[in-house]
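Now for the letters of each chain:
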Amino acid sequence: MATLLGINAKILVTMDENRREIVNGGLFVREGVIEQVGPTTDLPANADTIINLAGHIVLPGLVNTHHHLYQGLTRVIPAGQNSELFDWLKALYPIWAGLTAEAIYVSTLTGLAELILSGCTTASDHLYIYPNDCRLDDEIQAAQEIGIRFHAMRGSMSLGESKGGLPPDSIVEDEEDILHDSRRLIETYHDSERFAMLRVGLAPCSPFSITQDLMRSSAEMARSYGVRLHTHLAENPEDIVYCREKFGMRPGEYAEDVGWVGEDVWHAHCVMLNKEEMRLFARTGTGVCHCPNSNMRTGAGIAPIRKMLDIGIPVGLGVDGAAANDAGHLLAEARQTLLLQRVLGGPSALTAREALEMATLGGARVLGRDDIGTLAPGMAADFIAFDLNQIGFIGTSADLVAALIFCHPINVSYSVINGRLVVEQGHLTTIDLPVILERHNIVSKALINKEL
């Protein structure tokens with residue numbers, strides 16, 4: 001059986017139940033599962049693959065719980081640079097109407113490459129628009145090729161402008177078609193086993209693009225298959241106004257009304273949740289994905305993450321769409337989370353280790369996984385290593401773990417996913433990235449110029 005040994009780490013952050021941080025640490029892996037974690041001197045001397053991690057800090061792979069990978073094709077579109085969420089979407093919907101299967105495939109590869117290089121080893125993506133020949137299968141193919149642990153969420157939009165929704169009628173789908181394809185994808189791809197590399201869930205887009213009937217039908221289907229549910233909720237003040245005008249209730253009340261609370265559900269953003277809605281989420285175990293950079297970019301506000309954590313809401317981090325964030329660096333999201341909570345609550349509102357915990361264990365909990373997020377025997381061999389011998393880490397010897405959050409975010413030197421070396425000395429090993437980037441830019445320009 002294939003074995004891998006990581007040794008001599010300057011410090012190894014386990015995120016285990018005791019939150020051990022091991023000096024000169026390492027870990028021994030067999031067939032993609034961790035067998036031993038501890039000081040290098042306590043580990044086996046030999047393995048099929050040995051990685052010398054001297055001068056590096058090692059930690060569990062980061063978990064991204066919300067993304068729209070296709071949006072990497074349409075970054076910094078002038079019409080959306082200075083817009084609030086609804087106007088931003090209206091500016092971009094007509095461009096996205098030109099998406100093709102190749103566009104989905106190429107943008108998934110580049111977006112996942114960006115995430116992996118930032119330290120992400122498990123990613124969830126929310127693909128909710130399917131014009132032309134686009135399918136979720138295109139994303140899944142790309143994720144399998146690059147080697148990331150992937151949660152493919154079958155998003156959808158069915159409520160067009162003519163029926164009071166936000167998206168144009170030309171890019172929404174028939175609800176029966178959505179449910180049929182959702183069933184097909186679950187039955188074809190979803191793996192419920194521990195250490196699964198691919199899982200599928202259902203993710204109708206938002207209250208302003210989906211009917212209540214589809215929300216309820218999706219929840220019923222997901223629970224019949226034991227898969228998870230995900231959507232956008234309470235992202236900005238416009239969301240509150242829309243829910244009150246269309247449904248006569250706040251977003252949290254709406255979620256409860258359509259059956260979208262529980263341990264199998266997580267919502268993106270939740271910037272505008274009030275105390276009663278947060279108590280509902282805490283009581284039901286409903287998760288939240290915090291997307292700080294995106295929320296700042298669109299002027300949505302600052303989610304009250306400290307309050308959520310204090311009452312027991314599961315919270316993970318997400319980079320959100322690459323056109324609403326214009327970056328896909330998960331460590332940068334952890335840093336911004338810390339800084340924004342301190343803007344709200346002072347310098348003790350959130351610690352560096354709490355931010356890292358949201359990016360690892362928090363994300364694992366939100367995705368319903370008990371096999372990732374920590375480095376311990378019996379856990380998936382998903383770990384990353386950052387080289388501390390860089391100018392940005394000069395003078396940080398007092399607390400190298402905190403330095404990862406307080407200092408400028410950097411890319412990984414090594415990433416191991418499912419026991420496989422995916423990044424080695426800063427370079428992706430699974431795809432020819434320069435070739436993919438070149439193709440991505442060609443597809444992006446054609447899409448923006450409406451030539452696809």
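First things first, this report covers the structure right here in the doc. (Residues numbered from 1 in each chain as written. Predicted model: local features only at pLDDT ≥ 70, side-chain atom pairs only at ≥ 80, totals over all residues. Heavy atoms only, no water.)

### Some details on the overall build of the chain
Right, so step 1: If you tally the helices and strands in the chain, you get 14 helices and 17 strands.
Right, so step 2: In summary, the chain has a C-alpha radius of gyration of 21 Å against a globular reference of 22 Å for 452 residues, a match within 12%.
Right, so step 3: Each of the three principal axes of the chain carries a C-alpha extent, and together these read 65 × 45 × 45 Å.
Right, so step 4: Expressed as a percentage of its 452 residues, the buried residues of the chain come to 63%.
Right, so step 5: Counting only contacts in the chain whose residues sit at least 6 apart along the sequence, the fraction spanning at least 24 positions is 75%.
Right, so step 6: Charge centroids of the chain, computed over 35 positive and 56 negative side chains, lie 5 Å from each other. (Helix = DSSP H or I, 4+ residues; strand = E, 2+ residues; numbered from the N terminus. Rg over C-alpha atoms; globule rule 2.2 N^0.38 Å. Buried < 20%, exposed > 50% of the residue type's maximum accessible area, 1.4 Å probe, protein only. Contact = heavy atoms within 4.5 Å. Lys, Arg positive; Asp, Glu negative; His and termini not counted. Charge placed at Lys NZ, Arg CZ, Asp CG, Glu CD.)

### Focus: the pairing of strand 14 (residues 383-387)
Right, so step 1: With respect to burial, strand 14 is a largely interior element, four of its five residues being buried.
Right, so step 2: Across five bridges, the pairing between strand 5 (residues 56-60) and strand 14 is antiparallel. Of the residues in strand 14, the one forming a bridge with V58 is A385.
Right, so step 3: Sheet topology places strand 14 next to strand 15 (residues 414-417); three bridges connect them, and they run antiparallel. Opposite F383, over in strand 15, you have V416 as the bridge partner. (Pairing = 2+ DSSP bridges.)

### A short note on the nonpolar core
Right, so step 1: By size, the foremost hydrophobic cluster in this structure holds 123 residues, and its most contacted members are W96, L99, I148 and L428.
Right, so step 2: Apart from the residues lying within four places of it in its own chain, the contact partners of W96 are Y70, Q71, T74, W88, L89, Y128, I129 and P131.
Right, so step 3: With 20 residues, the next largest nonpolar core counts L4, L53, V58 and L375 among its residues. (Core = buried A, V, L, I, M, F, W, Y, C linked by side-chain atoms within 4.5 Å.)

### So, the pattern of salt bridges
Right, so step 1: With the rule as written, the count across this model stands at 22 salt bridges.
Right, so step 2: One salt bridge connects R216 with D257, and the closest N-O pair in it is separated by 2.8 Å. Note that R216 is positioned in helix 5 (residues 212-225) and D257 in helix 7 (residues 251-257), a separation of 41 residues in sequence.
Right, so step 3: For D257, a relative accessible area of 38% corresponds to the partly exposed category.
Right, so step 4: Salt-bridge contacts for R250 lead to E277; the nearest nitrogen and oxygen are separated by 2.8 Å. Placement of the pair is R250 in the loop between helix 6 (237-247) and helix 7 and E277 in helix 8 (residues 275-284), with a sequence separation of 27 residues. When sorted by exposure, R250 lands in the same class as E277, which is buried.
Right, so step 5: Where salt bridges share partners, they join R135, D137, R154, E173, D181 and R184 into one cluster. (Salt bridge = Lys/Arg side-chain N within 4 Å of Asp/Glu carboxyl O.)

### Focus: the packing of helix 11 (residues 330-345) against helix 12 (residues 352-366)
Right, so step 1: Their axes nearest at 9 Å, the elements helix 11 and helix 12 cross at an angle of 135°. Here helix 11 is positioned oblique relative to helix 12, judged by the angle of their axes. Crossing of helix 11 against helix 12: the hand is right-handed. For the pair helix 11 and helix 12, the contacting residues are L331, A334, T337 and L338 in the first and A352, A355, L356, M358 and A359 in the second.
Right, so step 2: Taken together, the residues of the contact of helix 11 with helix 12 break down into eight nonpolar, one polar and no charged. (Axes fitted to C-alpha atoms, helices over the stretch in contact; angles between N-to-C directions. Parallel < 35°, antiparallel > 145°, perpendicular 65-115°, else oblique. Left-handed = near helix turned anticlockwise from the far one by under 90°. Nonpolar A, V, L, I, M, F, W, Y, C, P; charged D, E, K, R; others polar.)

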